[in-house]
Amino acid sequence: MADPGKAPVDHCLALKVMRLTRPTIGQTTLVQSSGTDIEKELFLSSISSDMNTNNMMSEVLPGGLLVLPQSFGNIYLGETFSSYVCVHNDSTEVCGSVVVRADLQTATQRINLVPGNSTDVSSHSRDSLAPGSTIDQVIHHEVKELGTHILVCEVTYTTQQSDKMNFRKFFKFQVMKPLDVKTKFYNAESDEVFLEAQVQNITQTTISIDRVTLEPSHTFTVTSLKAEPTPGQGVVARGLCLQVQDSWQYLFCLRPRPEHNNKNLKLVTNIGKLDIVWRTGLCDRGRLQTSQLQRLPPNSGEVRLAFLQAPSYALLDTPFPLTLRLENNCERTVELDLSLKQEGGGKLTWGGVVERGLGLVEPGGSTEVQVEVVLHCTGLQTLQGIHCRDTLLKRSYCFNDQCQVYVLGDKELYTVLTQ
């Protein structure tokens with residue numbers, strides 16, 4: 001649209017702006033008929049005479065021609081906005097000092113696209129522009145904001161009468177959200193953090209996923225947990241192609257770096273950013289990066305128990321060792337006493353010394369202790385009955401459901417699984 005603040009003026013120059021998008025595949029009109037239909041030959045003749053029919057696959061919907069864009073189309077966050085800007089001298093006189101400028105106005109900022117970072121002066125300005133001559137340029141900009149965008153194009157020039165002329169045009173478009181991303185965090189007892197991310201395609205077309213990665217904060221390292229594709233899986237089954245409203249889930253495991261202790265991890269809320277790259281049907285690339293993902297700080301209590309050594313499998317009625325670590329997460333020194341009690345309905349028996357003093361533990365410090373236990377029931381068993389008492393403030397701590405061990409009654413099977 002033209003500048004609404006000025007009266008119409010006949011200008012020597014004409015400004016044309018066209019968005020550059022890829023064409024679409026033409027769709028043929030399919031007419032199905034049985035072999036006994038009277039109109040069968042008429043249908044087949046109509047399909048074969050249609051210039052859009054794919055000669056190699058006449059029974060398939062995609063045609064053999066490409067259709068040029070008929071409208072501005074949709075543009076999504078993370079895509080690259082490309083446009084062709086052309087200034088043409090429609091008059092019979094030479095215009096001087098021609099300058100073209102293009103800015104993109106968003107809700108928060110105004111971005112200069114022409115001249116932008118271009119070092120070619122002739123692409124946006126001329127000392128003189130003869131009749132029939134043009135100044136044109138292709139501009140590109142990665143869209144990083146949602147909502148209304150306005151492309152403001154301005155042209156200034158002087159006529160042969162030395163009159164300084166100026167006019168502007170505005171092109172308004174909406175930037176829409178392409179993907180809906182939902183996240184969940186799980187804080188494990190081992191200080192690991194599991195991130196579950198669900199990515200849903202909310203565009204109006206099928207897209208292919210190039211990659212979904214997590215850029216962790218400086219506190220963590222990240223591992224993507226995904227199954228290896230089998231030879232028979234297609235792009236849809238592997239999550240590489242998302243149709244409209246389809247979703248795919250991704251799982252990441254974040255492990256703290258060795259230099260960060262448990263006290264520091266309690267204060268860390270920033271996890272990282274998801275980086276998603278996708279492509280449309282004709283390979284237009286889009287990229288979306290989330291803001292910093294944040295978790296709720298884990299509440300591990302004043303005293304935290306960690307199992308440094310615990311087997312996955314145990315033999316029925318056979319003792320096995322455990323290595324425990326008790327960490328002081330509070331801001332004061334604690335004096336701990338460890339007590340191992342026969343709980344769980346007779347399913348386990350603690351061996352060796354079941355009550356012992358562990359001494360003073362400074363804030364942020366820890367102490368380790370080795371114990372022994374015997375399990376009396378097969379199947380997945382939970383270790384229970386670990387109690388700790390702070391003798392300074394007379395506070396007691398109970399640790400149940402901290403560790404599970406699978407108990408086997410078959411000695412040969414146990415030997416095979418533990419080798």
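Residues numbered from 1 in each chain as written. Predicted model: local features only at pLDDT ≥ 70, side-chain atom pairs only at ≥ 80, totals over all residues. Heavy atoms only, no water.

Let's shift gears to a nonpolar patch on the surface. On the surface, Y313, L380, Y406, L413 and L417 cluster together into a nonpolar patch covering about 450 Å² of accessible area. With respect to the element layout, L417 can be found in helix 3 (residues 411-418). (Patch = residues over 30% accessible without salt bridge, like charges linked within 9 Å, V, L, I, M, F, W, Y side chains within 5 Å. Areas by Shrake-Rupley, 256 points an atom, 1.4 Å probe, with all protein chains shown as cover. Salt bridge = Lys/Arg side-chain N within 4 Å of Asp/Glu carboxyl O. Helix = DSSP H or I, 4+ residues; strand = E, 2+ residues; numbered from the N terminus.)

To continue, consider the sheet that holds strand 17 (residues 247-256). Reading across the sheet, the four strands line up as 12-13-17-15 and stay open at both edges, with antiparallel pairing between neighbours. Looking along the sheet, the strands with just one partner apiece sit at the ends: strand 12 (179-187) and strand 15 (220-225). Between one strand and the next, the sheet's axes are offset by a mean angle of 25 degrees, whatever the strand orientation. Bridge count between strand 15 and strand 17: six bridges; the pairing is antiparallel. Note that in strand 17 the partner of F220 across the bridge is P256. (Pairing = 2+ DSSP bridges. Axes fitted to C-alpha atoms, helices over the stretch in contact; angles between N-to-C directions.)

Before going further, it helps to examine the pattern of salt bridges. Opposite charge on two side chains permits them to pair, given that their charged atoms come into close proximity. A full pass over the atoms with the stated rule returns 13 salt bridges. Among the salt bridges present, the one from R101 reaches D103, with a minimum N-O distance of 2.9 Å. Take R101: its relative accessible area is 37%, and that puts it in the partly exposed class. The exposure class of D103 is buried, given its relative accessible area of 5%. Put simply, D210 and R279 hold a salt bridge, and the shortest N to O gap is 2.9 Å. Pair noted here: D210 is in strand 14 (residues 207-216) and R279 is in strand 18 (residues 270-279), with a separation of 69 residues, a long-range link. Members of the salt-bridge network, linked through shared partners, are E302, R332, D390 and R395. (Buried < 20%, exposed > 50% of the residue type's maximum accessible area, 1.4 Å probe, protein only.)

A few words on the side chain of D180. Within the secondary structure, D180 sits in strand 12. The class of D180 is buried, set by a relative accessible area of 18%. In this structure, D180 is in contact with Q198, V199, Q200 and I202, ignoring residues within four places of it in sequence. (Contact = heavy atoms within 4.5 Å.)

Right, let's talk about the nonpolar core for a bit. Among the nonpolar cores identified, the biggest contains 50 residues, and L13 and Y157 are the most heavily contacted of them. For this core, the element with the highest residue contribution is strand 6 (residues 95-105), accounting for five residues. Formed by 28 residues, the second largest nonpolar core is a distinct cluster that contains V303, V334, L348 and V373. (Core = buried A, V, L, I, M, F, W, Y, C linked by side-chain atoms within 4.5 Å.)

Our focus in this paragraph is the pairing of strand 18. Across a regular strand the side chains alternate sides, sitting on one face of the sheet and then on the other. In terms of burial, strand 18 is largely enclosed, as seven of its ten residues are buried. Where strand 14 and strand 18 come together, eight bridges link them in antiparallel fashion. Its bridge partner lying in strand 18, E215 is registered against K273. In this sheet, strand 20 (residues 293-294) lies alongside strand 18 in antiparallel orientation, the contact comprising two bridges. Within strand 20, the position partnered with G272 by the bridge is L293. Pairing analysis gives five bridges linking strand 18 to strand 19 (residues 285-289), with the strands arranged antiparallel. In the sheet register, R279 faces strand 19, and the bridge partner there is R285. Joining the antiparallel neighbours strand 18 and strand 19 is a turn of five residues, in which C283 adopts a positive phi near 70 degrees.

Quick look at the confidence of the model for the protein chain now. Per-residue confidence for the protein chain averages 84 on the pLDDT scale, and 86% of its residues sit at or above 70. Ranking the elements of the protein chain by mean pLDDT puts helix 1 (residues 40-49) last, at 64, and strand 22 (residues 313-315) first, at 94. (pLDDT = per-residue confidence, 0-100.)

Bringing the packing of aromatic side chains into the picture now. Centre-to-centre distance and the angle between the planes together describe a pair of aromatic rings. Summed over the entire model, instances satisfying the criterion amount to two aromatic pairs. Ring plane angle 20 degrees and centroid distance 4.9 Å describe the contact between F81 and F173, whose orientation is recorded as stacked. With F81 in strand 5 (residues 80-89) and F173 in strand 11 (residues 164-176), this residue pair connects regions lying 92 residues apart in the sequence. A relative accessible area of 2% means that F81 is categorised as buried. Residue F173 is classed as buried on the basis of its relative accessible area, which comes to 5%. Each ring, one from Y313 and one from Y406, has its centre 6.4 Å from the other, and the planes form 80 degrees; the classification is edge-to-face. Within this pair, whereas Y313 is found in strand 22, its partner Y406 is found in strand 31 (residues 404-408), the two being separated by 93 residues in sequence. Judged by relative accessible area, Y313 falls into the partly exposed class, the value being 31%. Taking relative accessible area as the criterion, Y406 reaches 38% and is therefore assigned partly exposed. (Phe/Tyr/Trp six-rings, centres within 6.5 Å; stacked < 30°, edge-to-face > 60°.)

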